[in-house]
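Survey of secondary and tertiary structure
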Amino acid sequence: MNEKLQRMLELYREVSHLAMAAGLLDWDQQCYMPPGGAALRAEQLATLAKLAHERLTSPEMGQLLDELEPWAASLDPDSFEASVVRVARREYDRATRIPAELEAEFSRAASAGFAAWAEARQAGDFRIFAPKLERLVQLTIERAEALGYEERRYDALLNLFEPGSRTSQVQALFQQLKEGLVPLVHAVAERVDRVKNDFLFGGYDERKQWDFGVRLLKAIGFDFQRGRQDRSEHPFTVGFGSGDVRLTTRFQPYLGSALFGTLHEGGHGLYEQGIPPEFAGTPVGSAASFGVHESQSRLWENLVGRSRAFWRHFYPELQALFPERLGEVDLDTFYAAINRVEPSLIRVEADELTYNLHIFLRFDLELKLIEGDLKVADLPEAWRAGMRELLGRAPENDRDGVMQDVHWSQGAFGYFPSYTLGNVLSVQLFEKAKEERPDIPQEIERGEFAGLLGWMRERIHRHGGKFTGTELIVRATGREADAAPYLRYLREKYEEIYGL
Ligand code: ZN
């Protein structure tokens, strides 16, 4: 191997190890750390972030990349060598373009923003949060300008999560989805009482839920020799190479919370476990994009986990576990209940169908904020208007409205589109997998998932971060993100459940 490449990878490995150490400290903070550890933990994380940033942006790294690029240009772009140079360049540029002073200012504003958001939520008063949010929007605009873009300022933010994607593409995709989804949601909303799910609330022993969740994770292929599961307030997944992938779950009165949350994180976990071990610590050691990551979690949560085929196999087991709650409930009633649709005010509680409408609203508003078409002071009213238009109802207070998500309070703009992109990609990938492996539906009915997982391993997981999300999806399915299969899937599913 080229000596300069070896040196670049050596430097990069240090950056990656520091990031993994920080990830482990964060995992511990969310799962086990006593509250008393919070202040020192924040300092530890800041130190690791500073060290990693210094390593990544070192003059030596810049020089190595300058020297390696002409050589890499002569290689097959799909090769490991060309890919690591390409991705390292992207990371290096991103880290060096934002002046250190702006980054420090942003980080302080994000801490202040989060504190003000928490206080404003408590008090139910947006005015407490507004000045801090205004400052964050301003600094986010400065960051976007520093990062650079070709078409629109928002592109710079979007690219932090979806490298190479354009705002105009997201807008076109969302417009097509909106036209298909809004009438469907309104039609279902008129028949919301056709489906009941009250029997899914309360009376489910947590230990049994935990065991059943582990049983499902093993069944879909999650390897507990290379992973584990713990409890946390907000479920998440973190991977430290493919040999140590950690999931978390939580329990609430609603049975579906742990059940589908576990399958969702399991989907993220399968992706992490499928990235080749030799990629660990290199620039291509993580997923292609947030949207692609989300496509894997939604695949297992929704397309597999909320399907009738899946429960044909697993429902008798679940009934046997909770005979007093589910003994008298037949499969069709259970299937309809876990797919119940109800337009609600809160994104994280939304069902599969209405979820995207929440994302359209956030995307629309943050785009306007970043492009200067909306003032922070006008945000609560814009939120209510958007909710009325999309979901036919508006929140009575800003706590259930514009202040419900934590993202903006920490300056995280550009992330929301990845959620819906993940939904769209999940169906596109699932259809292609079934087209190439027609036995997949019957396998799911038998509780066998090796065919589906094997296809995802081959087409998505094994490439790690070598390609962008768009490149990967074109390679796997022959076209870019496409709303049509997703809309078709939702229409068929919900027309059947709601008798439309
Ligand atoms: Zn997720």
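Looking now at the overall build of the chain. Looking only at helices and strands, one finds 21 helices and three strands in the chain. Summarising its shape, the C-alpha atoms of the chain cover approximately 70 × 50 × 45 Å along the three principal directions. Looking at the chain as a whole, 54% of its 500 residues qualify as buried. A separation threshold of at least 6 residues defines the contact pool for the chain, and within that pool the share at least 24 residues apart is 72%.

As summarised here, the arrangement of the three strands in space is β1-β3-β2, forming an open sheet in which the pairing is mixed. On the outer flanks of this sheet lie β1 (227–231) and β2 (237–239), each paired with one strand and no other. Between one strand axis and the next, the sheet turns through 20 degrees on average, direction left out of account. Of the pairings in the sheet, the one linking β2 to strand β3 (residues 245–249) comprises three bridges and is antiparallel in character. Note that in β3 the partner of T237 across the bridge is L247.

A few words on helix α6 (residues 126–147). Residues spaced three or four apart along an α-helix face the same direction, because each turn holds 3.6 residues. Compared with the 32 Å implied by 1.5 Å per residue over 22 residues, the 30 Å span of α6 between its first and last C-alpha is a close match. For α6, the complete set of buried residues consists of F126, F129, A130, L133, L136, V137, L139, T140, I141, R143, A144 and L147. Looking at the buried residues of α6, the elements they touch are α4 (80–97), α5 (100–123), α7 (153–161), α15 (355–370) and α16 (379–391). Backbone geometry just downstream of α6 places G148 in the positive-phi region, at approximately 90 degrees.

The final tally for this structure, using the stated rule, is 28 aromatic pairs. Pairing W300 with F449 gives two aromatic rings, centres 5.9 Å apart and planes at 70 degrees, and the pair type is edge-to-face. In this pair, W300 is assigned in helix α11 (residues 290–304) and F449 in the loop between α18 (440–445) and α19 (450–459), connecting sequence segments 149 residues apart. Relative accessible area serves as the criterion here: at 0%, W300 is assigned to the buried category. For F449, a relative accessible area of 2% puts it in the buried group. If you follow R306 out to its NZ or CZ, it ends over the ring of F260, 4.0 Å from the centre.

Of all hydrophobic cores here, the largest spans 153 residues; its most connected members are M8, L177, W311, F334 and L452. Those residues in contact with L177 that lie beyond four places of it in its chain are F360, T420, V424, A483, Y486 and L487. Core analysis: the next-biggest nonpolar cluster, separate from the first, contains five residues, W27, C31, F236 and F240 among them.

For the rest of this paragraph, the subject is the domain arrangement of the chain. By domain assignment, the chain separates into domain 1 (3–148) and domain 2 (167–498). Domain 1 and domain 2 are separated by 26 Å when their C-alpha centres are compared. The interface is formed by 40 residues belonging to domain 1 together with 40 residues belonging to domain 2. Approximately 3,300 Å² of surface area, both sides summed, lies buried where domain 1 meets domain 2, with 67% of it carried by carbon and sulfur atoms. Counting the surface domain 1 buries against domain 2, the share from its top three residues, W27, R121 and F126, is 20%. Our count for the contact surface shared by domain 1 and domain 2 stands at one salt bridge. Among the ionic pairs, R475 bridges to D78, the shortest N-O distance being 2.7 Å. The tally of links between domain 1 and domain 2 comes to ten residue pairs in polar contact (both at pLDDT 80 or more).

A word on the coordination of the zinc ion. Taken together, the protein ligands of the zinc ion are H264 (NE2), H268 (NE2) and E294 (OE), with distances of 2.1 to 2.4 Å. Mapping the donors of the zinc ion onto the primary sequence gives the spacing H-x3-H-x25-E. A residue pair is termed long-range when its members are at least 10 positions apart, and H268 in helix α10 (residues 255–274) and E294 in helix α11 qualify at 26 residues.

Now for the pattern of salt bridges. Under the criterion given, the structure shown has 44 salt bridges. The salt bridge involving E105 is made with R108; its shortest N-O contact spans 3.1 Å. Taken as a pair, E105 and R108 lie in helix α5 at a separation of three residues, close to a single helical turn. Assessed through its relative accessible area of 53%, R108 is described here as exposed.

About the cut-offs
Residues numbered from 1 in each chain as written. Predicted model: local features only at pLDDT ≥ 70, side-chain atom pairs only at ≥ 80, totals over all residues. Heavy atoms only, no water. Helix = DSSP H or I, 4+ residues; strand = E, 2+ residues; numbered from the N terminus. Buried < 20%, exposed > 50% of the residue type's maximum accessible area, 1.4 Å probe, protein only. Contact = heavy atoms within 4.5 Å. Pairing = 2+ DSSP bridges. Axes fitted to C-alpha atoms, helices over the stretch in contact; angles between N-to-C directions. Expected span 1.5 Å × (residues − 1). Phe/Tyr/Trp six-rings, centres within 6.5 Å; stacked < 30°, edge-to-face > 60°. Lys NZ or Arg CZ within 6 Å of the ring centre and 35° of its normal. Core = buried A, V, L, I, M, F, W, Y, C linked by side-chain atoms within 4.5 Å. Domains from an automatic or database assignment. Buried area = accessible area lost by both parts, 1.4 Å probe. Salt bridge = Lys/Arg side-chain N within 4 Å of Asp/Glu carboxyl O. Polar contact = N/O pair within 3.5 Å; in protein donor to acceptor, adjacent residues only side chain to side chain. Donors = N, O, S within 2.8 Å, 3.2 Å for Na, K, Ca; no water.

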